[in-house]
Each structure stands twice: as C-alpha cells, then as structure tokens.
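Structural overview for review
So you can see what is in the structure, the chains are spelled out below.
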Amino acid sequence: MIKVIVAGFRGSMGQKTVNLVQKTADFKLVGVYSPEVTDLKPQTYGLASEVQVFNTLKTTPPVADVWIDFSTPSGVFENTKFALQHHIKPVVGTSGLSDQHLNDLKETAQAENTAGLIVPNFGMSAVLLMKFAKEAAKYFPDVEVIEMHHEDKLDAPSGTAISTAKQLSEVRQTQAEPEVKETLKGARGADYNGVHIHSVRLPGYVAHEQVLFGGEGEALTIRQDSFNRDSFMTGVAIAVRKVGTLKELTVGLENVLS
Ligand SMILES: NC(=O)C1=CN([C@@H]2O[C@H](COP(=O)(O)OP(=O)(O)OC[C@H]3O[C@@H](n4cnc5c(N)ncnc54)[C@H](OP(=O)(O)O)[C@@H]3O)[C@@H](O)[C@H]2O)C=CC1
Ligand SMILES: O=C(O)C1=N[C@H](C(=O)O)C[C@H](O)C1
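My aim in this report is to walk through the structure given alongside it, one point at a time. (Residues numbered from 1 in each chain as written. Chains lettered and ligands numbered in written order. Predicted model: local features only at pLDDT ≥ 70, side-chain atom pairs only at ≥ 80, totals over all residues. Heavy atoms only, no water.)

1. Describing the sheet that holds strand β1 (residues 2-7)
- Overall, parallel pairing links the seven strands, which are arranged β3-β2-β1-β4-β5-β6-β12 in an open sheet. Strands at the two margins of the open sheet, each flanked by one partner only, are β3 (52-54) and β12 (249-251). Recorded for the sheet is a direction-independent mean angle of 25° between the axes of neighbouring strands.
- Here strand β5 (residues 89-92) pairs with strand β6 (residues 116-118) via two bridges, running parallel. Looking across to β6, one finds that V92 is bridged to I118.
- Sheet strands in contact with helix α1 (residues 12-23) are β1, β2 (27-33) and β4 (66-69), and its direction is about 150° off that of β2. (Pairing = 2+ DSSP bridges. Helix = DSSP H or I, 4+ residues; strand = E, 2+ residues; numbered from the N terminus. Axes fitted to C-alpha atoms, helices over the stretch in contact; angles between N-to-C directions. Contact = heavy atoms within 4.5 Å.)

Pasting the structure below:
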C-alpha cells in the first residue's frame, strides 16, 4: 500500500488526485493539506475519518510515502521542502519552481536522502511533444513556443513551456537574432535562452502547446492538447508508483516511463 498526502486537495487537480488515490486499490489517502482551510474535519470534505486534514507546515504530517503537490506557484517550494524534510517523496505537478528553487530542493533531497519527482506535465501528449521537439530542434534551430491555457492559470509562461524551451536550448544551436523594436511591449513574448514563448489565456481552453519550427521554405509544427484534467491522471498514478525507484530529485515523467 502506498500512503499518499495530497497538497492543494480542494483545487481542480487536487480533487481529481484525491479521487484517483481513493479509487486505486494499492494507494491509501492518509492526509490532505491546504493552508486555506479552517475546518480540519475530514468529513467536511467527504473524506474518510482517518484522513488527516492539515493547514500548516508547522506540524508533524501523517506517516506517508508520497506527497502529491498540486498547489500554487507561491506555495510549491515550501511544500516540497517540507515533504523532503519529513522523508516523504514528493511528486510535484505544481508549476512555478525557478531553477534556483530546483537546485535548493535537489540539495535538500540529497541531504535528507529522499528522492522525488518534479513533473512539468503528466500528459503523455506533452511528454511526447517535448521529446519530438527536442529531436526536431537539432535540424530546425529556429523555433518558438505558443502555450494556451484556461483563464484561471496563475503563472505565465506555463511550466511545460519553460521545460520545453529548456530542452530545446540543450540541443539547438543558438541563432543570431536581428534587433527588433517592439512597438508594443511583449510582442515577441518571453525569452528563454533565445527561445520565444507566447502565452495565451482564454476561457474554454484547458492546456495546449505548439512548438513551431521554421526552415528554408518549410515549417514544422508539433502540437499537443489536454482537453480535460483526467488526461493527467494516468501520469500521476505512474509517478506515484515509480517515485520509489528514483535515487534523487528528478525532473520529468519520461524518467519513470518504461
Ligand atoms: N504537471 C501537470 O501535469 C499539471 C500541473 N498543473 C499545475 O498544478 C497547479 C494547480 O493547478 P489547479 O489545480 O488547476 O489550481 P487550483 O487553483 O484549482 O488549485 C490550487 C489549490 O491549492 C490550494 N493552495 C493554495 N496555496 C497552497 C499551498 N501553499 N499549499 C497547498 N495548497 C495550496 C488552493 O486552495 P484554495 O482553493 O482554498 O484557494 C487550491 O485549492 C498549478 O501550478 C498548475 O499549473 C495543473 C495541471 C496539470
Ligand atoms: O495550469 C494548468 O492547467 C497546467 N499547468 C502545467 C503547466 O504550467 O505547464 C501543466 C499543464 O500545462 C496544465
């Protein structure tokens, strides 16, 4: 039995994750965390009486194997650190961790001898998009990313877009860009190591990304679409089952796919 805590349990992804844990025979929900809740009775949230509801990190969490985090960009760093310090393996879906945060967490993971998995995107389509885009960038170094999300998304660009740009810049040869005068600030989007990222926020959208490559007289577009949040749950279940096989804090679902 894998004992699980869900952080951000009342959110869109948190609720899906609680359902997943409850209906999976070898997973057991032992705790849920949100600093926003004031009522700590599990029954209030339709949870079994043995599930510990907590709203502060100044507490001892229930004994658990895995901490699944779908919280907020402002809370994820402290949450992940807390999990590692209590030897609970984090499986982090929340976006917004900076490179500096990531390095700090890797050091904590090493010091606490506790592994974990940071997953920019649990969707198989997104994992494959990043893999294919990385391959294409060897041949098409001119590339831009457009990510499109629901209007409630708190951060921009998306974690997936940053992860895509990071992987592209590992393989592509940097292109010299002409100096462009932006007549409207932001027209060329964000810039991650020369990869421009454009963020769209609209009602009706869930999570989508396009990687556009341009070459001499030709173009290649790779696109993925997450039409609903259930699409992420297969990846979450895999991560929870496989995080125990990791030796360190690792980034990317591809590292636990066989
Ligand atoms: N990796 C992936 O595949 C995916 C990642 N995500 C990411 O997951 C995160 C959550 O997304 P989503 O569920 O849509 O967001 P929501 O806003 O629906 O949910 C976030 C929840 O976190 C709670 N919360 C606020 N602060 C904290 C904190 N410090 N610790 C724990 N919980 C907290 C909120 O409580 P309250 O409601 O009371 O304010 C809220 O219920 C985002 O960063 C998003 O980008 C989303 C989809 C897929
Ligand atoms: O906020 C979301 O919805 C999503 N966030 C993640 C991100 O920032 O990339 C993953 C997915 O795109 C959905």
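Next comes the rest of the write-up.
2. Quick look at the sheet that holds strand β11 (residues 218-226)
- A sheet is described by the order of its strands in space; here five strands give the open sequence β8-β9-β7-β10-β11, paired in mixed fashion. Edge positions in the sheet fall to β8 (190-192) and β11, since each of these pairs with one other strand and no more. This sheet shows a mean twist of 20° between the axes of neighbouring strands, independent of strand direction.
- Sheet analysis places β8 next to strand β9 (residues 195-201), joined by three bridges and oriented antiparallel. In the strand pairing of β9, Y192 is matched with V195.

3. Things to note about the environment of L154
- With respect to the helices and strands, the residue L154 is situated in the loop between β7 (143-149) and α5 (159-171).
- Among the residues examined, L154 registers a relative accessible area of 69% and is labelled exposed.
- Placed 58 residues apart in sequence, L154 and G96 show a C-alpha to C-alpha distance of 9.2 Å.
- Contact partners of L154, with chain neighbours within four places excluded, come to T72 and P73. (Buried < 20%, exposed > 50% of the residue type's maximum accessible area, 1.4 Å probe, protein only.)

4. Examining the site of ligand 1
- Residues in close proximity to ligand 1 total 23 residues, the closest being R10, M13, S95, F122 and K153.
- Within the side chain of R10, an N or O atom sits 2.5 Å from an oxygen atom of ligand 1.
- Protein coverage of the free-state accessible area of ligand 1, which is 930 Å², stands at 78%.
- Taken together, the residues of the shell around ligand 1 sort by class into eight nonpolar, 12 polar and three charged. (Near = heavy atom within 4 Å. Polar contact = N/O pair within 3.5 Å; in protein donor to acceptor, adjacent residues only side chain to side chain. Areas by Shrake-Rupley, 256 points an atom, 1.4 Å probe, with all protein chains shown as cover. Nonpolar A, V, L, I, M, F, W, Y, C, P; charged D, E, K, R; others polar.)

5. Description of the packing of α1 against helix α6 (residues 233-242)
- The N-to-C vectors of α1 and α6 enclose an angle of 60°; their axes lie 11 Å apart at closest approach. Relative to α6, α1 is oriented oblique. Crossing angle aside, the handedness with which α1 passes α6 is right-handed. Here M13, K16, T17 and L20 of α1 lie close against α6, whose contacting residues are M233, V236 and A237.
- Residues that form the contact of α1 with α6 fall into these classes: five nonpolar, one polar and one charged. (Parallel < 35°, antiparallel > 145°, perpendicular 65-115°, else oblique. Left-handed = near helix turned anticlockwise from the far one by under 90°.)

6. Points about the packing of aromatic side chains
- Going through the model one piece at a time under the given rule, you end up with seven aromatic pairs.
- Aromatic ring contacts, followed pair by pair, group Y33, F54, W67 and F82 into a single cluster. (Phe/Tyr/Trp six-rings, centres within 6.5 Å; stacked < 30°, edge-to-face > 60°.)

7. Details of the site of ligand 2
- S95, P120, N121, H149, H150, K153, S158, G159, T160, A207 and F232 make up every residue found near ligand 2.
- In the model, an oxygen atom of ligand 2 is placed 2.7 Å from a nitrogen or oxygen of the K153 side chain.
- G159 places a polar main-chain atom, nitrogen or oxygen, 2.8 Å from an oxygen atom of ligand 2.
- Protein coverage of the free-state accessible area of ligand 2, which is 320 Å², stands at 85%.
- Residues belonging to the shell around ligand 2 are distributed by class as follows: three nonpolar, seven polar and one charged.

8. Some remarks on unusual backbone geometry
- Omega for the peptide link from A156 to P157 comes to -5°, which places this bond in the cis form.
- By the element assignment, P157 lies in the loop between β7 and α5.
- For N113, which is not glycine, the phi torsion reads 55° and is therefore positive.
- Looking at the secondary structure, you find N113 in the loop between α3 (99-112) and β6.
- You can call N113 exposed: its relative accessible area is 71%.
- Even without a glycine there, the phi angle at N193 is positive, about 50°.
- Given the relative accessible area of 53%, N193 is considered exposed.

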